Amino acid sequence: MEQSNFSTVSPVHVSSCRFGVQYENQFVFLDDGKHVIGVDASVSTRLLVEDLTTGSSFQFGKHSHIVSTIIFDEESNTLLAGDWDGHVVQYTVDLAKKKISHIKDHGNLQIGFL
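Let me begin by describing the structure that accompanies this report.

What counts, and where the lines are drawn
Residues numbered from 1 in each chain as written. Predicted model: local features only at pLDDT ≥ 70, side-chain atom pairs only at ≥ 80, totals over all residues. Heavy atoms only, no water. Helix = DSSP H or I, 4+ residues; strand = E, 2+ residues; numbered from the N terminus. Contact = heavy atoms within 4.5 Å. Pairing = 2+ DSSP bridges. Axes fitted to C-alpha atoms, helices over the stretch in contact; angles between N-to-C directions.

## Things to note about the environment of His35
When you line up the elements, His35 lands in strand β2 (residues 35-39). Separated by 22 residues in the primary sequence, His35 and His13 place their C-alpha atoms 10.0 Å from one another. Other than its neighbours up to four places away in sequence, His35 contacts Val28, Phe29, Leu30, Val49, Glu50, Asp51 and Leu95.

Printed below as a string of structure tokens:
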């Protein structure tokens, strides 16, 4: 981001949710510029989707440990979420219907904090 000296920067959207973030890969901003997916700050074993334009949000997923990594592929609407136990779960994301479907539990892949 570039700005001239002494200029004011204002946000386009502001989140009303509380996301738990320790690492940069614990949340994703979607290309539509309206949605963010991240770890729920109140229950770090769940994930949270927020529409930044309306402030509406919903939770999904139930991991056995703190979710530490989220990867989202916008072409396939596929989300992979990995927790501290090395456990990876695959979801399909349909933001129009506000629906997240659990597709596959890949189990413990022996990655992360073991």
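That shown, we press on.
## Quick look at the sheet that holds strand β4 (residues 57-60)
Taken together, 4 strands build an open sheet; the order of strands is β1-β2-β3-β4 and the sheet is antiparallel. A single partner strand is all that each edge strand has here, and the edge strands are β1 (27-29) and β4. Put simply, the sheet's adjacent strands are angled 15 degrees from each other on average, direction ignored. Bridge count for β1 against β2 is 3 bridges, and the pairing is antiparallel. Counted as the bridge partner of Val28 is Ile37 from β2.

## Observations concerning unusual backbone geometry
Although it is not a glycine, Asn77 sits at a positive phi angle of roughly 55 degrees. Following the sequence through the fold, Asn77 ends up in the loop between β5 (67-73) and β6 (78-83). A positive phi angle, near 55 degrees, is found at Lys98, a position not held by glycine. Topologically, Lys98 is positioned in the loop between β7 (87-94) and β8 (99-108).

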